[in-house]
Amino acid sequence: MAALGWLTPRRRSATARSVLAGEASAEAARKSTQLVPEREPEWPVHGDERAAAFFDLDNTVMQGAALFHFGRGLYKRKFFDTRDLARFAWQQAWFRLAGVEDPEHMQDARDSALSIVQGHRVSELQSIGEEIYDEYMAERIWPGTRALAQAHLDAGQRVWLVTAAPVEIAQVIARRLGLTGALGTVAESVDGVYTGKLVGEPLHGPAKAEAVRALALAEELDLGRCAAYSDSHNDIPMLSLVGHPYAINPDAKLRKHARRMDWRLRDYRTGRKAAKVGIPAAAGVGAVAGGTAAAIALHRKRR
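1. Quick look at the nonpolar core
Alright, step 1. Judged by nonpolar contacts, the single largest core of 42 residues is most densely connected at Phe55, Leu57, Leu74, Met137, Leu161, Ile173 and Tyr229.
Alright, step 2. Top contributing element to this core by residue count: helix α5 (residues 122-137), with seven residues.
Alright, step 3. The residues touching Leu57, leaving out its near neighbours within four places in the chain, are Met62, Ala66, Leu161, Val162, Thr163, Ala165 and Ile173.
Alright, step 4. Among the nonpolar cores identified, the runner-up in size contains 26 residues, and Ala216, Leu241, Val242 and Ala247 belong to it.

2. Remarks on the packing of aromatic side chains
Alright, step 1. A complete count under the given rule lists two aromatic pairs for this structure.
Alright, step 2. On the numbers, 4.1 Å between centres and 5 degrees between planes, the contact of Phe55 with Tyr229 is stacked. Placement of Phe55 in strand β1 (residues 52-56) and of Tyr229 in strand β6 (residues 227-230) is noted, with a sequence separation of 174 residues between them.
Alright, step 3. The class for Tyr229 is buried, based on a relative accessible area of 1%.
Alright, step 4. The interplanar angle of 15 degrees and the centroid separation of 4.5 Å between the aromatic rings of Tyr229 and Tyr246 together place this pair among those described as stacked. Of this pair, Tyr229 sits in strand β6 while Tyr246 sits in strand β7 (residues 244-248), placing them 17 residues apart in sequence.
Alright, step 5. Judged by relative accessible area, which is 1%, Tyr246 ranks as buried.
Alright, step 6. Aromatic rings pair up to connect Phe55, Tyr229 and Tyr246 into one cluster.

3. Some points on the confidence of the model for the protein
Low-confidence regions, as indicated by low pLDDT, have predicted coordinates that should not be scrutinised in detail.
Alright, step 1. Mean pLDDT over the protein: 78, with 67% of residues reaching 70 or higher.
Alright, step 2. Here residues 271-303 scores under 50 on pLDDT; set against residues more than four positions off or in separate chains, the count is 51 contacts.

4. Describing unusual backbone geometry
Alright, step 1. Despite not being glycine, Asn59 has its phi angle at roughly 70 degrees, a positive value.
Alright, step 2. Accessibility expressed as a relative area gives 7% for Asn59, which makes it buried.
Alright, step 3. Positive phi, normally seen in glycine, also occurs at Asp191, with a value near 55 degrees.
Alright, step 4. Here Asp191 shows up in the loop between β4 (187-190) and β5 (193-198).
Alright, step 5. A relative accessible area of 70% means that Asp191 is categorised as exposed.

5. Regarding the sheet that holds β6
Alright, step 1. With respect to topology, six strands assemble into an open sheet ordered β3-β2-β1-β6-β7-β8, the strand pairing being parallel. The open sheet terminates on both sides in strands that have one partner only, identified here as β3 (181-185) and β8 (264-266). Adjacent strand axes in the sheet meet at a mean angle of 20 degrees, parallel and antiparallel pairs treated alike.
Alright, step 2. Alignment of strand β2 (residues 158-166) against β3, held across four bridges, turns out to be parallel. Looking across to β3, one finds that Val162 is bridged to Leu183.
Alright, step 3. Running over the sheet, helix α8 (residues 206-219) touches β1, β2 and β3 and is turned about 145 degrees from β2.
Alright, step 4. The strands that helix α10 (residues 252-261) touches are β6, β7 and β8; relative to β8, the one it contacts most, it runs at about 145 degrees.

Criteria and thresholds
Residues numbered from 1 in each chain as written. Predicted model: local features only at pLDDT ≥ 70, side-chain atom pairs only at ≥ 80, totals over all residues. Heavy atoms only, no water. Core = buried A, V, L, I, M, F, W, Y, C linked by side-chain atoms within 4.5 Å. Buried < 20%, exposed > 50% of the residue type's maximum accessible area, 1.4 Å probe, protein only. Helix = DSSP H or I, 4+ residues; strand = E, 2+ residues; numbered from the N terminus. Contact = heavy atoms within 4.5 Å. Phe/Tyr/Trp six-rings, centres within 6.5 Å; stacked < 30°, edge-to-face > 60°. pLDDT = per-residue confidence, 0-100. Pairing = 2+ DSSP bridges. Axes fitted to C-alpha atoms, helices over the stretch in contact; angles between N-to-C directions.

Pasting the structure below:
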């Protein structure tokens, strides 16, 4: 009995210590889970059929302006003379150096293109567009932006180009990249022949936002779950429409606006990595742009 009396206090003391140890361990475990950052939500959301992505084309998906590359191809096929080509070349060089659109240059390029294609058949330009893509555009696609688009496609979402370039050219590029489709500037045609006029106005600035809004309504998309990507402050109306706006290779005004609005950023021209939140890892591929180096060399030569 004496032995049992001696053991009893030890059992009670051990039990109390066990309870204390258990409580301390549980508290430590609870605190440790609070230190682990919350896992980022899956992006893009797989299987969300009411979500889609809208990509600007010039300097977002492709280095330079599609319209200028198209002009080079038409010159090669003798659609216009050397003087027109020189103007196209200067506008393209300026665009690549400045990284922003000059309204006068863009208007001049559109007017020139309309006058050049007037009287030609739509089917002819579509066929030529396929050839021009292979000759001048395919190698100028930004791999990083292409990866972003592919991430949306892999998630089962639709992906659209939205550009001021002619819709026929935009559709060629979208098809070659495996995208859903394209919104672009529509040139008037009668009986399959271009008249040299536009239907409405170029798909630029606010017009892009209206096109995206109309497409979203027709396709029953929820813009709050959609994403948009652009390099230009001119596309702020389009970017502001969606729940997931991204500034890609942004000009100075868009970069400033994106930072103020806490939009996500990615710059493939220099290899700089901006905010990573919501950016698929694959988008980091191919951040260096060879076209920029070529434009700088041209600028130095001119000096």
